[in-house]
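Read off the chains here:
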Amino acid sequence: MKCPIHLSALAFSCKISNLHLKKEKIQKRGKMVLFLLMIACLCIYLLYLQRRKQGLPPGNLGLPFIGETLQLVSAYKTDNPEPFIDARVRRYGSLFTTHVFGEPTVFSTDPEANRFVLQNEGKLFESSYPSSISNLLGRHSLLLMKGNLHKRMHSLTMSFANSSIIRDHLLVDIDRLVRFNLQRWDGLILLQDETKKITFELTVKQLMSFDPGEWTESLRKEYLLLIEGFFSVPIPFFFTTYGRALQARTKVAAALRERVRERKERRKERKGEEEKDMLGALLDEGEGGFSEEEAVDFLLALLVAGYETTSTIMTLAVKFLTETPSALALLKEEHEGIRAKKKESDALDWSDYKSMPFTQCVINETLRVANIISGVFRRAVSDVHIKGYTIPKGWKVFASFRAVHLDQDLYKDARTFNPWRWQNNPPPSSPGNIYTPFGGGPRLCPGYELARVEISVFLHHLVTGFSWFPAEKDRLVFFPTTRTLKRYPIQVRRRKMP
Ligand code: HEM
Ligand SMILES: *[C@@H]1O[C@H](CO)[C@@H](O)[C@H](O)[C@H]1NC(C)=O
Ligand SMILES: *[C@@H]1O[C@H](CO)[C@@H](O)[C@H](O)[C@H]1NC(C)=O
């Protein structure tokens, strides 16, 4: 018998159980979502806790693996990379965490923190280069040395290029070789190429007393290939840039080895009257066991460090001066004044160099604005506490000189070229703190004075001997290195024999 009540009850219970089922499904799904949300919150919280525990500076690690590398590279490929740093400083403060070139990195734009990093080289921090670069440099280069050996070789390099050595030995050749090069200038030249040639010849002369000629020029060709390797993807096939750089390295090393051997032979023959150059100093030092291979690596790296940097500053000084005619006029006046007291063929001497105050302003300002070494990478050797944060052991730090040099709070109108700023108010206190174009601490550039002298002598002969104008519009880029896109083509006209 089917009672309608029953039926309806059945229907009702059916509906209920249906509802029940739906409700259960919804509840299940709800629970799932809730569960996932809780997990996510937990993860975020744990990460947050870990961050706080580690005390890393705030920041953004960007995408997996590549991090913020693409943003950095694309900013540095323009002539105004500042927004990359500015935006992060605004959001996170002067120390921030990012992820560039394959590793999470603490990026410092703070002068005090930078100073701390530089001064604690060898204690809390170590300089660190990827193996692709150390393969090109060679294991025994100063840049890769550590500990006591580094200390000893750094001071040896310092004393090879200190001011009394420059005054008594190197200056005369600098003057001669700069003139020798400028003599050939006429019409259209690519300034960056020409200055590279000059600084290469100077460095070879200074390191091993070898005068420019075919040997130097063919060595230089290989060097250009070698240097390209530093900024290429390190795939070591013979047809890649990196592979060609490795080959070039072998050739360069062989050529240098020849010079080292030759010198060793000569020293045996006539003891006591050897050339006073870096190679001589290395071999003296080597009585206790400097091998040929070590001497070669050492020289090779010095050539890399000395010549690209100095020639770029020469080129950019000319570019900035060309764009700032009043500065160029003042510079010219200074050098015409020096020339007027000398015979045409007289070389510049140390007292001339010391009476170029405005030239030094121009050089300082070029170094400040151009930042060819935009900063240095270091690795924390242990957990390092700095400015209320903790940098975990093994992490990378980038001490950005660029960010400090172009900080509007530290330099008035920081982003314009204004050599006069060095005249009227030399930048505030503690040198090596807010102005560090040559780094600082145990790895302070040993060539800082030598570079200044070379640039000064170059500018002297350029402004007294020539007039020029840009042949094309050209602009700066900062990646992979600081340079002008078109190697700064100019039209030069000789005013008198340099
Ligand atoms: C305008 C030209 C130059 C600039 C801006 C410059 C800049 C620098 C900077 C910032 C460092 C420090 C790198 C670090 O801390 O990791 C450095 C190191 C070095 N520089 Fe220069 N440099 C210039 C010219 C030269 C010259 C002419 C020489 C040749 C003697 C030279 C040889 C070296 C060497 C050997 C190191 C490594 C020092 C070490 O690791 O102990 N530099 N340079
Ligand atoms: C420069 O180095 C030489 C040794 O190469 C040393 O005799 C001289 O005292 C040094 N001069 C200065 C100013 O440090
Ligand atoms: C240029 O900078 C150096 C620090 O690298 C400083 O000692 C020197 O006084 C500066 N020159 C001028 C003219 O301000």
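Residues numbered from 1 in each chain as written. Chains lettered and ligands numbered in written order. Predicted model: local features only at pLDDT ≥ 70, side-chain atom pairs only at ≥ 80, totals over all residues. Heavy atoms only, no water.

Q: I'd like a description of the sheet that holds strand S4 (residues 187-190), backed by residues and values.
A: If you trace the three strands from one edge of the open sheet to the other, you get S4-S12-S9, paired in antiparallel fashion. Both outer strands of the open sheet, S4 and strand S9 (466-470), are each paired with one neighbouring strand and no more. Averaged over all pairs of adjacent strands, the angle between their axes in this sheet comes to 35°, without regard to strand direction. Pairing between S9 and strand S12 (residues 489-494): five bridges, direction antiparallel. By the bridge assignment, Pro470 is partnered in S12 with Ile490. Docked against the sheet, helix H18 (residues 448-465) engages S9 and S12, running at close to 90° with respect to S9. (Pairing = 2+ DSSP bridges. Helix = DSSP H or I, 4+ residues; strand = E, 2+ residues; numbered from the N terminus. Axes fitted to C-alpha atoms, helices over the stretch in contact; angles between N-to-C directions. Contact = heavy atoms within 4.5 Å.)

Q: For the site of ligand 1, give the residues involved together with the corresponding values.
A: Near ligand 1 there are 24 residues, and of these His150, His154, Arg378, Arg443 and Cys445 occur at the shortest range. In the model, an oxygen atom of ligand 1 is placed 2.8 Å from a nitrogen or oxygen of the Arg378 side chain. Those elements that place two or more of their residues in the shell around ligand 1 are helix H6 (147-160), helix H12 (292-322) and strand S5 (375-380). With six residues, the top contributor of residues to the shell around ligand 1 is H12. Here the residues of the shell around ligand 1 are counted per class, giving 15 nonpolar, seven polar and two charged. (Near = heavy atom within 4 Å. Polar contact = N/O pair within 3.5 Å; in protein donor to acceptor, adjacent residues only side chain to side chain. Nonpolar A, V, L, I, M, F, W, Y, C, P; charged D, E, K, R; others polar.)

Q: Describe in detail the packing of aromatic side chains, supporting the description with residues and values.
A: Summed over the entire model, instances satisfying the criterion amount to 19 aromatic pairs. Residues Trp350 and Tyr353 carry aromatic rings whose centres are separated by 5.0 Å and whose planes lie at 45° to one another, so their mutual orientation is tilted. Here Trp350 pairs with Tyr353, and both are found in helix H14 (residues 350-353), just three residues apart, close to one helical turn. On the accessibility criterion, Trp350 (16% relative accessible area) is buried. Here Tyr353 falls in the buried class, since its relative accessible area comes to 6%. (Phe/Tyr/Trp six-rings, centres within 6.5 Å; stacked < 30°, edge-to-face > 60°. Buried < 20%, exposed > 50% of the residue type's maximum accessible area, 1.4 Å probe, protein only.)

Q: I'd love a proper account of the site of ligand 2, names of residues and values included.
A: Near ligand 2 you find Ser159, Asn162, Ser164 and Ile165, and these make up its full shell. In this structure, an oxygen atom belonging to ligand 2 sits 2.4 Å away from a side-chain N or O atom of Asn162. Here ligand 2 loses 37% of its free accessible area of 360 Å² to cover by the protein chains. In the shell around ligand 2, the residues fall into one nonpolar, three polar and no charged. (Areas by Shrake-Rupley, 256 points an atom, 1.4 Å probe, with all protein chains shown as cover.)

Q: Now, about helix H13 (residues 325-340): what can you tell me, with residues and values included?
A: Between its terminal C-alpha atoms H13 stretches 22 Å, which fits the 22 Å expected from 16 residues at 1.5 Å a residue. Within the span of H13, buried status applies to Ala327, Leu328, Leu331, Glu334, His335, Ile338 and Arg339. All buried residues of H13 lie within an arc of 135° about the axis, which places them on one face of the element. Away from its buried face by more than 90 degrees, H13 exposes Pro325, Glu333 and Ala340. (Expected span 1.5 Å × (residues − 1). Arc of directions from axis to C-beta.)

Q: So, a nonpolar patch on the surface: which residues are in play, and what are the values?
A: A cluster of nonpolar residues, Val233, Ile235, Phe237, Phe238 and Phe239, forms a patch on the protein surface that exposes about 570 Å² of accessible area. Here Ile235 lies in the loop between helix H9 (214-230) and helix H10 (241-269). Residue Ile235 is classed as partly exposed on the basis of its relative accessible area, which comes to 39%. (Patch = residues over 30% accessible without salt bridge, like charges linked within 9 Å, V, L, I, M, F, W, Y side chains within 5 Å. Salt bridge = Lys/Arg side-chain N within 4 Å of Asp/Glu carboxyl O.)

Q: Give a description of the pairing of strand S8 (residues 396-400) that names residues and reports values.
A: When you tally the buried positions in S8, you get five out of five residues, the bulk of the element. The side-chain alternation of S8 yields two buried faces, one formed by Lys396, Phe398 and Ser400 and the other by Val397 and Ala399. For strand S2 (residues 103-108) and S8, the ladder comprises four bridges, and the chain directions are parallel. Paired with Ser108 across the bridge in S8 is Ala399. Across five bridges, the pairing between S5 and S8 is antiparallel. When the sheet's bridge partners are listed, Phe377 is paired in S8 with Phe398.

Q: Give a description of the sheet that holds S5 that names residues and reports values.
A: Taken together, the five strands give an open sheet; going across it, the order is S1-S2-S8-S5-S3, and neighbouring strands pair in mixed fashion. In this open sheet, the two edge strands, each paired with only one partner strand, are strand S1 (95-100) and strand S3 (125-127). Adjacent strand axes in the sheet meet at a mean angle of 35°, parallel and antiparallel pairs treated alike. Looking at chain direction, S1 and S2 are connected through six bridges and run antiparallel. Of the residues in S2, the one forming a bridge with Leu95 is Ser108.

Q: Summarise the coordination of the iron atom of ligand 1; cite the residues concerned and give the values.
A: Coordination of the iron atom of ligand 1 by the protein comes from a single atom, Cys445 (SG), at 2.2 Å. The residue Cys445 is located in the loop between helix H17 (421-424) and H18 in this model. (Donors = N, O, S within 2.8 Å, 3.2 Å for Na, K, Ca; no water.)

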